[in-house]
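This is what each chain is made of:
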Amino acid sequence: MVKILGSSKLNTAQRKLASQITSWKFKLFLLSKLPMGLLAGLKIESIDESSTVTSVPYNWLTKNPFQSMYFAVQSMAAELSTAASCLLAVQGQDVSVAYIIVDHEAKFLKKATSRVYFTCADSNIAFEAVEAAKATGDSQQATFMTVGKMGDGTVVSEYKFTWSFKVRNVL
């Protein structure tokens, strides 16, 4: 069961988006925009204005020859945990806000041998960056940390993604 947590601070458009990306409609999005994510089995477990949890299964499509999850599969799920927060923050704004990854770092700490859950507890940073971009008109950068754990709590990887937010000039 997917959870849309503590959505009291979200506007109507953001609540609708959160509902859609945590339903079967997310699979249609993956099919049209990120087909490898669909094949890998990416899933958004929960989302709200403070955190996002994504997951990816460990199976024959996602493992490498060393009997662990391929790093690129982990990277897709890790990025999604930060990207969903960014997408939620720009949704329903009175201006168009562009966002793009400008940097990332990764650390692999243990072999991932079962489903991995990525938790980004920095979602509020996206909302702050969007508000700052709107207020100043300048691009704003925000760095998000996401941690990948297997179901037993073993930390397998840690990522930092830096996103840039900028208000688009609409003519």
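The rules we used
- Residues numbered from 1 in each chain as written.
- Predicted model: local features only at pLDDT ≥ 70, side-chain atom pairs only at ≥ 80, totals over all residues.
- Heavy atoms only, no water.
- Helix = DSSP H or I, 4+ residues; strand = E, 2+ residues; numbered from the N terminus.
- Rg over C-alpha atoms; globule rule 2.2 N^0.38 Å.
- Buried < 20%, exposed > 50% of the residue type's maximum accessible area, 1.4 Å probe, protein only.
- Contact = heavy atoms within 4.5 Å.
- Areas by Shrake-Rupley, 256 points an atom, 1.4 Å probe, with all protein chains shown as cover.
- Expected span 1.5 Å × (residues − 1).
- Arc of directions from axis to C-beta.
- Phe/Tyr/Trp six-rings, centres within 6.5 Å; stacked < 30°, edge-to-face > 60°.
- Axes fitted to C-alpha atoms, helices over the stretch in contact; angles between N-to-C directions.
- Parallel < 35°, antiparallel > 145°, perpendicular 65-115°, else oblique.
- Left-handed = near helix turned anticlockwise from the far one by under 90°.
- Nonpolar A, V, L, I, M, F, W, Y, C, P; charged D, E, K, R; others polar.
- Polar contact = N/O pair within 3.5 Å; in protein donor to acceptor, adjacent residues only side chain to side chain.

J.: An account of the overall build of the chain is needed here, citing residue identities and associated values.
T.: Along the chain, the regular secondary structure elements total five helices and seven strands. Across the chain, helices and strands are ordered from the amino to the carboxyl terminus as β-α-α-α-β-β-α-β-β-α-β-β. What you see for the chain is a C-alpha radius of gyration of 16 Å, in line with the 16 Å of a compact globule of 171 residues. Projecting the C-alpha coordinates of the chain onto the three principal axes gives extents of approximately 50 × 30 × 30 Å. Buried positions account for 41% of the 171 residues belonging to the chain. Contacts in the chain between residues at least 24 apart in sequence constitute 69% of all its contacts with a sequence separation of at least 6. For the chain, the computed accessible surface area is about 9200 Å², with 57% contributed by carbon and sulfur atoms.

J.: Can you lay out helix α5 (residues 123-136) for me, pointing to particular residues and giving the numbers?
T.: For α5, built from 14 residues, the straight-helix expectation of 20 Å at 1.5 Å per residue is met to within 8% by its first-to-last C-alpha distance of 21 Å. Along α5, the residues that are buried comprise S123, A126, F127, A129, V130 and A133. Seen along its axis, α5 keeps its buried residues to an arc of 160°; they face one direction. Downstream of α5 by a residue or two, G137 has a phi angle that is positive, lying close to 80°.

J.: Let's hear about the packing of aromatic side chains: which residues, and what values?
T.: Summed over all chains, the structure comprises eight aromatic pairs. A centroid spacing of 6.3 Å and a plane angle of 80° characterise the contact between F71 and F108, whose relative ring orientation is edge-to-face. Of this pair, F71 sits in helix α4 (residues 71-90) while F108 sits in strand β4 (residues 97-108), and the two are 37 residues apart along the sequence. For F71, a relative accessible area of 46% gives the class partly exposed. Ring geometry for Y99 against W163: centres 5.7 Å apart, planes inclined by 50°, an arrangement best described as tilted.

J.: Could you give an account of the packing of α4 against α5, with specific residues and numbers?
T.: Where α4 meets α5, the closest approach of the two axes is 8 Å, and the angle between their N-to-C directions is 40°. One element, α4, and the other, α5, form an angle in the oblique class. The two elements α4 and α5 meet at a crossing, and its hand is right-handed. Residues S85, C86, L88, A89 and V90 of α4 form the contact with α5, whose own contacting residues are S123, A126, F127 and V130. Split by residue class, the contact of α4 with α5 holds seven nonpolar, two polar and no charged.

J.: Give me the environment of T146: which residues, what numbers.
T.: Mapped onto the elements, T146 comes out in strand β6 (residues 140-150). The class for T146 is buried, based on a relative accessible area of 0%. Expressed as a C-alpha distance, the spacing of T146 and K25, which sit 121 residues apart in the sequence, is 24 Å. A distance of 3.3 Å separates the side chain of T146 from the backbone oxygen of T119, its partner in a polar contact.

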